[in-house]
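# Geometric and topological summary
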Amino acid sequence: MSFRKIFLLAVVALGIAAFFVFDLGRFLSLEYLKQSQASFEALYASQPLKVSLVYFAIYVAATALSFPGAAIITLAGGAIFGLWWGTLLVSFASSLGATLAFLVSRFVLRDSIEAKFGNRLAEINRGIEKDGAFYLFTLRLIPVVPFFVINLVMGLTKMKALTFYAVSQIGMLAGTLVYVNAGTQLAQIDSLQGILSPALLGSFVLLGVFPLIAKWIVGLMQKRKVYARWASVKPQRFDRNLIVIGAGAGGLVSAYIAAVVKAKVTLVEAHKMGGDCLNYGCVPSKALIKSAKLAHQMRHGETYGLHSTTPTFSFKAVMRRIQDIVRAIEPHDSVERYTGLGVEVLQGYAKLVNPWTVQIKLNDGSTQTLTTRSVVIAAGARPFVPPLPGLEDSGYVTSDTMWDKFGELDEVPKRLVVLGGGPIGCELAQSFARLGSQVTQVEMGPRVMAREDEEVSELARQALMKDGVDVRTGHKALRVENTGGMKALVVEHAGTEERIEFDELLCAVGRSARLTGYGLEELGIPTNKTVETNEYLQTLYPNIYAAGDVAGPYQFTHVASHQAWYAAVNALFGDFKMFKADYRVIPWATFIDPEVARVGLNEQEAKEKGIAVEVTKYGIDDLDRAIADSEAHGFVKVLTVPGKDTILGVTIVGTHAGDLLAEYVLAMKHGLGLNKILGTIHTYPTLAEANKYAAGEWKRAHAPQQLLAWVGRFHDWRRG
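Scoring rules and cut-offs
Throughout, residues of each chain are indexed from 1 in the direction in which the sequence is written. Totals for whole chains, interfaces and linings use every residue, but because this is a predicted model, local features are given only for residues with pLDDT of at least 70 and side-chain atom pairs only at 80 or more, for both listing and counting. Each side-chain value is derived from all of the structure's non-hydrogen atoms; neither hydrogens nor water enter the calculation. Strands here mean DSSP runs of E at least two residues long; helices mean DSSP runs of H or I at least four residues long; both are numbered from the N terminus. Given a helix with a known number of residues, its expected span is that number minus one, times 1.5 Å. Burial classes follow relative accessibility: with a 1.4 Å probe on protein chains only, a residue under 20% of its type's maximum area counts as buried, one over 50% as exposed, and anything between as partly exposed. In this analysis, a patch consists of residues with relative accessible area above 30% that form no salt bridge, clustered at 9 Å for like charges and at 5 Å for the nonpolar side chains Val, Leu, Ile, Met, Phe, Trp and Tyr. A 1.4 Å probe and the Shrake-Rupley method give the accessible areas. Residues count as covered only by the protein chains that appear here. Put simply, a salt bridge is a Lys or Arg side-chain nitrogen that is within 4 Å of an Asp or Glu carboxyl oxygen. Only the contacting stretch of a helix is used when fitting its axis, a line to C-alpha atoms as for every element, and angles between N-to-C directions run 0 to 180 degrees. Comment on the angle field: the value is read as roughly parallel under 35 degrees, roughly antiparallel over 145, roughly perpendicular from 65 to 115, and oblique elsewhere. In a left-handed crossing the near helix is turned counterclockwise from the far helix by less than a right angle, and in a right-handed crossing that turn is clockwise. Whether two residues touch is decided by their heavy atoms; if any such pair falls within 4.5 Å, the residues are in contact. In this classification, the charged set is Asp, Glu, Lys and Arg, the nonpolar set is Ala, Val, Leu, Ile, Met, Phe, Trp, Tyr, Cys and Pro, and all remaining amino acids, among them Gly, are polar. At least two bridges found by DSSP between two strands are what make those strands a pair.

## Re helix α13 (residues 282–299)
An α-helical segment advances 3.6 residues per turn. Residues three or four places apart therefore align on the same side. With 18 residues, α13 should reach 26 Å at 1.5 Å per residue; the first-to-last C-alpha distance of 26 Å fits that figure. Buried residues of α13: Val 283, Pro 284, Ser 285, Ala 287, Leu 288, Ile 289, Ser 291, Ala 292, Ala 295 and His 296, and no others.

## Quick notes on a nonpolar patch on the surface
Taken together, Tyr 256, Val 260, Val 261, Leu 341, Phe 573 and Phe 576 make up a surface patch of nonpolar side chains, about 580 Å² in accessible area. Tracing the backbone shows Phe 573 in helix α20 (residues 557–573). Taking relative accessible area as the criterion, Phe 573 reaches 37% and is therefore assigned partly exposed.

## A word on the packing of helix α4 (residues 70–81) against helix α8 (residues 173–184)
Put simply, α4 and α8 touch, their axes get as near as 6 Å, and they point 60° apart. With respect to α8, the element α4 is oriented oblique. Handedness of the α4/α8 crossing: right-handed. Residues Ala 71, Thr 74, Leu 75, Gly 78 and Ala 79 of α4 form the contact with α8, whose own contacting residues are Thr 176, Tyr 179, Val 180, Ala 182, Gly 183 and Thr 184.

## Here's the deal with the packing of α13 against helix α17 (residues 423–434)
Between α13 and α17, the shortest axis-to-axis distance is 8 Å and the interhelical angle comes to 40°. Here α13 lies oblique to α17, going by the angle between them. The hand of the α13/α17 crossing is left-handed. Facing Ser 285, Lys 286, Leu 288, Ile 289, Ala 292, Lys 293, Ala 295, His 296 and Arg 299 of α13, the residues of α17 in contact are Glu 427, Leu 428, Ser 431, Phe 432 and Arg 434. Its residues placed into classes, the contact of α13 with α17 shows six nonpolar, three polar and five charged.

## Remarks on the sheet that holds strand β12 (residues 486–493)
Spatial ordering of the open sheet is given by β11-β12-β13, a layout of three strands whose pairing is antiparallel. Each of the sheet's edge strands pairs with one partner strand only, and the pair in question is β11 (476–483) and β13 (496–502). Each adjacent strand pair in this sheet contributes to an overall mean axis angle of 25°, direction not counted. Bridge analysis of β12 against β13 gives seven bridges, and the strand direction is antiparallel. Bridge assignment links Ala 488 to a residue of β13, and that residue is Glu 501.

Dropping the structure here:
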């Protein structure tokens, strides 16, 4: 803590101490005020300016130091100065004092509070930035809420001091008038409670509620304005309660929820049910990873006391197995299943004609038009293809198209270039290298998996290189050349150009939301890489929602399902209750070997956001089960609030890291700390014990050494 903070704290502490030591509270009683009213009035009559200034200074100081008795001082203002001059003095003095208290709280307390509760405070600050002045005004209208508490709490936020002062000046005026007016009738007041009668309190509550009602009316007017150009086409009756566009994870869950609550719902999908995850992403890639891992284990059989052998296989058989797995899971997402659940499934292209009408061009060539109260857009995302010269003529594949094209190959691609160093690129690069491809991975940035901590990125790079991947970071792709049937990617590195020859090029540089082709442009729904939504997942039109990759900010199947609940429930029941999408605890994993899994903050993000954390790390190389499985590499890294067991984030690197992470996701979701994990019995020998041992490392670091020293002396004494 800086000297200035210490000095300010000392001044405040001395002021508070003086208040109690000298019993200044006796001057802030109704009895004292009544007894001294005549003398105060005489003094004011003889020296009006001096008395006014002294009163003003006392009021500012009392409010700034959050002393009790502001109500008495306000009554005194009315008793001495009368209604109008008293109101003027009190209004400005109270607002100035409140602002000083606000600034003291900000200067002395905010940094330490942010260090401990950075995530929660960030969420509050977002709300303050949007509606802070409005809610402060509402609170100021209700004197039941202690104003000194409001001053101190608001100081912890990022509200501007000028905004705080202006809103306080206006918001406290009603309460100031009531108390100053009561002060003019001081002789008739028996107690402070008598000032705020039930009827008057009720009036204040109504005043406080009025801005909320006003906000609702403003919202209603804005809603009418948004829909104004469509007012003439709004149906009197609707064919459906909900229409869902897209049958990926977000769309399937939205439609399922609607069917469960007996809403009439139509799900529209132009291509394959199950979306990208089932057909091109999560499912086929994990099947490929499994085959590649087995091939890797065969090559390293000596690790397990077996003979190492070079795996012989048909690449077509590997790809056929992947398609068999997709087909085995397909019934979970099939038309038949959802039809059986009560969902109408239409296969075709949906387009929003107006906010309540969807035109569907069916795959059989016919067209159907339906009206609906609400819409959920769950159109997903597609692989992003960079505008590289020559790329279109190279026969490149993406994580979507590779399954069909590679499924026709008799052998694994001999020379494969993987463009991109993110999770998808790393997973596929390692898998094809393990199956025998000569893989070159090209990443423009300085490291692969750049969203992870540097040590995690480095471990990932080492794992890829160990499996034979030529990892080239800091290489910028310039163009693709195809001369005489010889294809090459030209890259720039350290100011020079290099050629990387290939047989196949896999483009894995990210995914972009599907934003065109279904009416967003015609309706004027704003987009910026994703469909713009509010915290309830509503678009510009309150009855049109978006969920999943098309909405962002995360492109995970489990987040799409998570958002779908909010979108569907808000769409069906939003007139009664709305739910804000909750992104506080979002896990994700990259399924390279060793796996990388994370939830909450990592060190890199904590540093960027200025959040103080304590880092506890447990090496999996010390775990019995990992040693027995010859998988003794990786770690569990836990970030906690300094000095507390509150979990802010966890990164796990190691075998089955994605599965191990679930315990921490549960703990963070329900506010359980490391002590709870340490006190939970974990089966021996399992990988899950790594979580308990990580908690044990934290506990060991916080052992009460002084107490243990005394306990040691106690045992020495017991031995005589």
